[in-house]
Structures are given as structure tokens and as C-alpha cells.
Amino acid sequence: MEWTDEGIILGVRRHGESSAIVELLTRGHGRHLGLVRGGAGSKLRPLLQPGNSVSAVWRARLDEHLGYYLLEGTRMRAATVLASSHAVYGVTHLASLARLLPERDPHEDIYEMLERTLNDFDDVGDAATHLIRFELAMLAELGFGLDLSSCAATGTTSELIYVSPKSGGAVSRAAGEPWRDKLLRLPPFLREDNGGHNGWSDQDLQDGFDLTGRFLLRNVLEPRGQGHSDARDGFINAVTKHLARVAIL
Amino acid sequence: MAIAVAGPEIERLIQLLARLPGLGPRSARRAALHLIKKREALMAPLSAALQVAIEKIQVCKVCGNIDTQDPCTVCTDPRRDPSIIVVVADVADLWALERASATNGQYHVLGATLSPLDGVGPQDLTIDALVARAHDPKVTEIILALNATVDGQTTAHYITDLLQEAGVKVTRLAHGVPVGGELDYLDEGTLSAAMRQRTLF
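On a predicted model such as this, the values are computed, not experimentally measured, just so you know.

### Quick look at the state of the cysteines
Tallied over the full model, the rule gives zero disulfides over all chains. Its sulfur unpaired, Cys60(B) is 3.8 Å from the next cysteine sulfur, which belongs to Cys63(B).

Here it is as C-alpha cells:
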């Protein structure tokens with residue numbers, strides 16, 4: 001068995017003295033593990049960092065075997081993210097989210113979204129909106145997508161500013177007004193009727209994290225006996241601090 | 001099935017030696033044979049040294065270093081600067097810095113770095129003890145000498161957040177071109193990090 005694909009490194013675990021088991025999210029073969037000979041050595045260590053993009057050749061005698069990877073770096077992002085706290089927490093959190101996908105099951109949309117997110121991670125605010133969108137996409141990919149296209153109560157497609165915490169459906173301003181304290185807020189950058197408006201405020205980012213965090217926890221993490229990763233909390237904390245610093249300046 | 005060429009005691013010695021890092025079954029067999037040939041000159045002193053080490057080795061309650069005394073030699077050395085704490089992930093990193101005589105400060109060994117893949121969380125590291133040490137009025141600087149990996153730097157940022165209230169200067173090691181490194185062979189990430197952190201010449 002042999003295939004060649006592009007992938008993004010999600011994690012690396014040392015195996016024996018010199019090898020490593022590398023976990024990739026590949027475009028065509030999904031989340032896929034493989035052994036890299038010499039992966040624990042100093043030569044390959046810079047390449048085998050979460051967030052780096054690679055060209056991967058996977059070989060095994062049988063399809064169900066772990067197999068061996070031959071990897072070549074195509075975009076080395078890890079060194080550039082190390083200096084900023086939001087980026088380093090973000091990469092760790094994105095990798096832990098992608099790890100929720102079943103193994104060896106292709107998710108090309110998620111792969112492309114992860115690549116776009118990692119490519120656009122320099123600006124703190126943009127990184128936050130990308131990460132919220134990625135969490136939303138992960139919910140959909142795992143079968144718990146939110147219906148943000150029309151109001152769950154009236155069917156209208158305009159002024160969708162709330163989300164029902166029960167159904168995950170959008171709720172319009174008029175229909176949601178009596179229960180506004182119980183509903184989650186839908187930030188403008190996630191609204192489908194926003195006419196391509198991608199602006200955000202600090203409150204929008206907080207609303208976005210509350211929204212995806214609630215459904216990820218209830219539908220995906222808690223049934224697996226997990227909670228939100230420390231990296232997610234660290235990312236939100238880093239974004240909040242950065243925005244507070246910018247506001248003071 | 002392989003036929004044993006020596007008695008069970010010698011086979012056991014070979015099996016145990018083969019568990020050491022860097023040694024496989026073949027090299028373990030060679031090492032065992034070498035020890036047996038130099039029984040008086042090498043094997044007996046090695047055995048005695050191992051026995052003493054078993055009895056005396058302790059983990060320093062202050063910094064987490066391994067030594068035969070608690071607090072360790074580094075912590076009790078009066079020539080050390082108590083205002084600086086160098087944070088390392090592992091005892092091997094501490095020894096590496098000591099070999100290089102890179103710092104005169106004291107150390108703090110975390111035990112590992114945060115790693116979601118390996119299930120290592122903040123509760124598995126000695127971060128609480130570090131935060132407590134950082135609140136000592138004598139301490140003015142914490143140097144985060146952690147690996148330049150995503151896990152290492154995630155740990156560094158996490159610790160930095162926790163140390164904000166301690167009122168100490170938190171620094172980290174520089175990232176860039178290694179001594180003997182040729183630019184042509186460096187990955188683009190390291191190069192761009194080195195370029196960003198360039199210094200006045």
C-alpha cells in the first residue's frame with residue numbers, strides 16, 4: 001500500500017529511541033497516523049511540529065497497518081507561531097479539535113479550513129474569528145451543525161441575532177426579544193445575512209466563543225468525558241489581553 | 001527460538017542492559033561480555049556505584065533536580081544567584097545548561113511540558129511550586145529555558161500568564177541560527193524567527 005498526500009501535523013509522539021508516531025490531517029485520507037523513522041532526532045524535530053504543512057508518502061504492507069511516513073515540509077509555520085501566545089495556544093487547540101475527527105476518514109473541507117486558519121493567524125482578531133468559524137465547522141462535521149440560515153421560530157432570514165441554546169437554530173430579533181436573556185447571541189461575522197461583513201468587536205468575539213463553546217461542550221466533549229482544552233482557555237485569555245492592551249493604546 | 005549460550009544470570013544481565021537507551025540486544029551482549037571480562041576492575045565498582053546510587057539518590061524538594069542530597073548541590077551552593085530561577089522541562093536540560101556554564105542562577109525542573117496528545121496537563125507539572133518560589137522577594141527574574149517546540153512554548157506562555165502577579169521579570173531563550181548552522185540548510189520558520197529577533201551588531 002502506498003499513497004502520497006498533503007497534510008498538516010497535529011501531533012507527534014516519540015516511539016522508541018529514534019522514531020516518532022506522527023499524526024497528520026491529510027487532504028484525502030483524513031486524520032492518519034504513521035511512523036517516521038528518525039522522527040525523534042534533531043534533524044526532523046523542526047519539521048515535526050504541530051501546524052507545519054508537509055507532503056507525505058505513506059507506505060505499509062497492509063492497509064490496516066500503522067505504516068511509515070516519508071515527510072517533506074511544504075510550509076513551516078511552527079517557528080513563526082512560537083513567539084505569540086495566541087498563536088501557540090491556537091495551534092494546540094486547533095490540533096486538539098482536529099483530533100476529534102475519526103481516523104482515516106477524509107474531511108477535505110475541514111482540511112482546507114484548517115490550512116486557511118493557520119495561514120491567517122498573525123492578526124489576533126482575525127485568528128479568533130477563524131478559530132470560531134473552525135469550531136462551528138467542526139460541530140457541523142461531527143453531526144451537530146447549527147442552523148444559522150433562518151429563524152427557528154418564524155422562518156425569516158433577516159435580523160438573525162440570537163441562537164437557541166436548546167436547538168442550535170438561529171432566532172430573529174423579533175421572535176427572540178421576549179427570551180433575550182436566555183438566548184445566545186449570534187455575532188455579526190457568523191450571520192449569513194451580513195452581506196459579507198467580516199468586522200467584529202470584543203463582545204462579538206466573546207459571543208462567538210460562548211456560542212461554539214456551549215455546543216462543543218454539550219454535544220461533543222462531555223459525551224466523551226472531556227472538557228474544553230486548556231489551550232482554548234489560553235487562546236481566549238491571550239485574545240482578551242491583547243484587545244485590552246490595544247484599547248488602552 | 002534462540003538458544004541461550006550462557007546461564008540464566010548472564011542472560012538476565014544482558015536483558016537488563018538491553019533496556020538502557022542506546023543499547024539493543026547485540027550491544028547489550030557486548031557490554032555484558034566486557035563487564036564479565038573486567039569483573040574486578042569494572043563490574044564490581046559499577047555494581048557498588050549502582051547500589052550506592054539507589055540508596056542515596058533523591059529528588060530535590062526545592063527545584064526538582066536529582067542529587068544525593070536534599071536540597072540539591074545547586075540549591076545549597078552559596079555562589080548561586082538566588083534572584084534568578086531558570087525553568088527547565090527536565091533534569092537533562094538542567095545538566096545541559098550546567099555543562100555549558102550558561103547561567104549562575106538557580107533552577108526549577110517542571111518534569112515535562114504541557115502536551116495534550118500525551119495527556120500532560122498543568123496538574124502534572126511542578127508549576128504551583130514555581131509560582132510559590134517566584135513570590136519570594138529575593139527572586140527578580142524567571143528565565144524560561146524550555147524547548148523551542150509548540151509544546152515547550154505553550155508551557156512557557158502558560159507559565160508567563162501565571163507569573164504576572166508575582167511581579168518578576170520573565171524572559172525566555174532566544175530562537176535563531178545555531179552555532180555552525182548554515183542559512184541554506186535552516187528551515188524557513190527558524191530563519192524568519194532569527195530575522196525578527198536580530199540584534200545590533
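Continuing now.
### Some points on empty space enclosed by the protein
Residues and elements named next belong to chain A. Within the structure shown, the criterion is met by one cavity of 30 Å³ or more. If you trace the largest cavity, you find it lined by Ile 8, Ile 9, Leu 10, Pro 50, Gly 51, Val 91, Leu 94, Ala 95, Leu 114 and Leu 118. Of all the secondary structure elements, the ones that give two or more residues to the lining of the largest cavity are strand E1 (2–15), helix H2 (85–98) and helix H3 (108–119). Tallied by class, residues from the lining of the largest cavity come to nine nonpolar, one polar and no charged.

### Considerations on the sheet that holds strand E7 (residues 160–163) of chain A
Residues and elements named next belong to chain A. What the four strands build is an open sheet, ordered E6-E8-E7-E9; its pairing is mixed. With one partner strand each, in any of the chains shown, strand E6 (147–151) and strand E9 (184–185) form the two edges of the open sheet. Two elements, E7 and strand E8 (residues 169–172), share three bridges in a ladder whose sense is antiparallel. Among the inter-strand pairings, Leu 160 is bridged to a residue of E8, identified as Ser 172.

### A short note on the pattern of salt bridges
As enumerated under the stated definition, the model contains 17 salt bridges over all chains in all. Note that Glu177(A) and Arg180(A) form a salt bridge whose closest N and O atoms lie 3.1 Å from each other. With its nearest N and O atoms 3.7 Å apart, the salt bridge here joins Glu11(B) to Arg29(B). Taken together, the residues span a long stretch of sequence, with Glu11(B) in helix H1 (residues 8–17) and Arg29(B) in helix H2 (residues 25–37) at a distance of 18 residues.

### Re the pairing of strand E3 (residues 81–88) of chain B
Residues and elements named next belong to chain B. Most of E3 is tucked away, with six of its eight residues classed as buried. Here five bridges tie E3 to strand E4 (residues 105–109), and the two strands are oriented parallel to one another. The residue bridging Val 88 from the neighbouring strand is Val 109, located in E4. In this fold, E3 hands off to helix H5 (residues 91–99), which returns the chain to E4; that crossover is right-handed. Two strands pair when backbone bridges link them, and E3 and strand E5 (residues 141–144) are joined in this way by four bridges, in the parallel orientation.

### Overview of the pairing of strand E3 (residues 30–36) of chain A
With respect to burial, E3(A) is a largely interior element, six of its seven residues being buried. A loop of three residues connects strand E2 (residues 19–26) of chain A with E3(A), the two strands running antiparallel in sequence.

### Description of the side chain of Ser115(B)
Tracing the chain through its elements places Ser115(B) in the loop between E4 and helix H6 (127–134). Take Ser115(B): its relative accessible area is 5%, and that puts it in the buried class.

### Comments concerning the layout of surface pockets
There is about 510 Å³ of room inside the second largest pocket. If you go around the second largest pocket, you meet 26 residues; those closest to its centre are Ser96(A), His228(A), Ser229(A), Asp230(A) and Pro116(B). Going through the elements one at a time, H2, helix H6 (202–221) and helix H7 (230–248) of chain A together with helix H7 (150–162) of chain B are the ones with two or more residues in the lining of the second largest pocket. The element that contributes the greatest number of residues to the lining of the second largest pocket is H2(A), accounting for five residues. For the lining of the second largest pocket, the residue count by class is eleven nonpolar, twelve polar and three charged.

### Re the packing of aromatic side chains
All names here are of chain A. In total, this model carries four aromatic pairs over all chains according to the counting rule given. Taken together, a centroid distance of 6.2 Å and an interplanar angle of 70° make the contact between Trp 3 and Tyr 69 edge-to-face. Of the two residues, Trp 3 is situated in strand E1 and Tyr 69 in strand E5 (residues 68–75); the sequence distance between them amounts to 66 residues. Comparing Trp 3 with Tyr 69, the two get one shared label, buried. Taken together, the aromatic side chains of Trp 3, Trp 58 and Tyr 69 make up a single cluster linked through ring pairs. Note that Arg 37 overlies the ring of Tyr 68, its terminal NZ or CZ placed 4.0 Å from the centroid.

### Here we look at the interface of chain A and chain B
Each partner contributes residues to the interface: chain A has 26 residues there, and chain B has 26 residues. Counting each side, the surface lost to burial between chain A and chain B is near 2,100 Å², with a carbon and sulfur contribution of 57%. When the buried area of chain A at its contact with chain B is split by residue, Met76(A), Leu82(A) and Tyr89(A) rank highest and sum to 25% of it. There are two salt bridges connecting chain A and chain B. Lys241(A) is the partner of Asp161(B) in a salt bridge, and the nearest nitrogen-oxygen pair spans 3.4 Å. Linking chain A with chain B are nine residue pairs in polar contact (both at pLDDT 80 or more), by the criterion used here.

### Focus: the packing of H6(A) against H7(A)
When two helices pack together, their arrangement is given by the angle between their axes and by how far apart the axes lie. Residues and elements named next belong to chain A. Relative orientation of the contacting elements H6 and H7 amounts to 170°, with a least axis distance of 11 Å. In terms of orientation, H6 and H7 fall into the roughly antiparallel class. In this structure, H6 contributes Asp 202, Leu 205, Gln 206, Phe 209, Thr 212 and Gly 213 to the contact, and H7 contributes Arg 232, Phe 235, Ile 236, Val 239 and Leu 243. Residue composition of the contact of H6 with H7, by class: six nonpolar, three polar and two charged.

### Some details on the side chain of Glu115(A)
Residue and element names in this part refer to chain A. Structurally, Glu 115 can be placed in helix H3. Note on Glu 115: relative accessible area 19%, which makes it buried. Excluding anything up to four places from it in sequence, Glu 115 contacts Glu 6, Ile 8, Arg 27, Ser 53 and Arg 77.

### Quick look at the sheet that holds E5(B)
Residues and elements named next belong to chain B. The four strands are arranged E4-E3-E5-E6 in an open sheet whose pairing can be described as parallel. One side of each edge strand has no neighbouring strand; the edge strands of this open sheet are E4 and strand E6 (169–172). Taking each pair of neighbouring strands and ignoring which way they run, the sheet shows an average axis angle of 25°. Sheet strands in contact with H5 are E3 and E4, and its direction is about 160° off that of E4. The sheet strands contacting H7 are E3, E5 and E6, and the helix crosses E5 at an angle near 165°.

Thresholds applied
For every chain, the first residue of the written sequence is number 1, and numbering continues from 1 along that sequence. Whichever chain is written first is A, and whichever ligand is written first is 1; the rest continue in order. Per-residue local features are limited, in this predicted model, to residues with pLDDT of at least 70; the limit for side-chain atom pairs, both in listing and counting, is 80 or more; totals at the level of whole chains, interfaces and linings are taken over all residues. To obtain the side-chain values, all non-hydrogen atoms of the structure were included, while hydrogens and water were left out. Our working definition of a disulfide is a cysteine sulfur pair at a distance within 2.5 Å. Detection works on a 1 Å grid of protein atoms alone, calling trapped sets that fit a 1.4 Å probe cavities and calling open sets with protein on both sides within 12 Å along at least five of seven lines pockets, with lining residues defined by an atom within 4 Å of a point. Grid points are joined across faces, edges and corners, and a volume is the space filled by probe spheres set on the points. Helix and strand assignments follow DSSP, with helices taken as H or I runs no shorter than four residues and strands as E runs no shorter than two, numbered in order from the N terminus. Each residue is assigned to one of three groups, with Ala, Val, Leu, Ile, Met, Phe, Trp, Tyr, Cys and Pro labelled nonpolar, Asp, Glu, Lys and Arg labelled charged, and all others, Gly among them, labelled polar. When DSSP finds two or more bridges between a pair of strands, those strands are recorded as paired. Definition used for salt bridges: Asp or Glu carboxyl oxygen within 4 Å of a side-chain nitrogen of Lys or Arg. To sort residues, take the accessible area from a 1.4 Å probe on protein chains only and compare it with the maximum for the residue type: under 20% means buried, over 50% means exposed, and anything in between is partly exposed. With its strands directed away from the observer, a crossover is right-handed exactly when the path from the first strand over the helix to the second travels clockwise. Between 30 and 60 degrees the pair is tilted, below 30 it is stacked and above 60 it is edge-to-face, where a pair is any two Phe, Tyr or Trp rings, Trp via its six-membered ring, whose centres lie within 6.5 Å. Either the NZ atom of lysine or the CZ atom of arginine qualifies as a charge over a ring when it sits within 6 Å of the ring centre and within 35 degrees of the ring normal. In what follows, a contact means two residues having at least one pair of non-hydrogen atoms within 4.5 Å. The term buried area refers to how much accessible surface (probe radius 1.4 Å) is lost by two components on association, counted for both of them together. Polar contact is the term for a pair of N or O atoms within 3.5 Å; when the atoms are in protein, one must be able to donate a hydrogen and the other to accept it, and sequence-neighboring residues count only if both atoms are side-chain atoms. With axes taken as lines fitted to C-alpha atoms, and helix axes fitted only over the stretch in contact, angles between N-to-C directions fall between 0 and 180 degrees. Roughly parallel refers to an angle under 35 degrees, roughly antiparallel to one over 145, roughly perpendicular to one between 65 and 115, and oblique to any angle outside these ranges.

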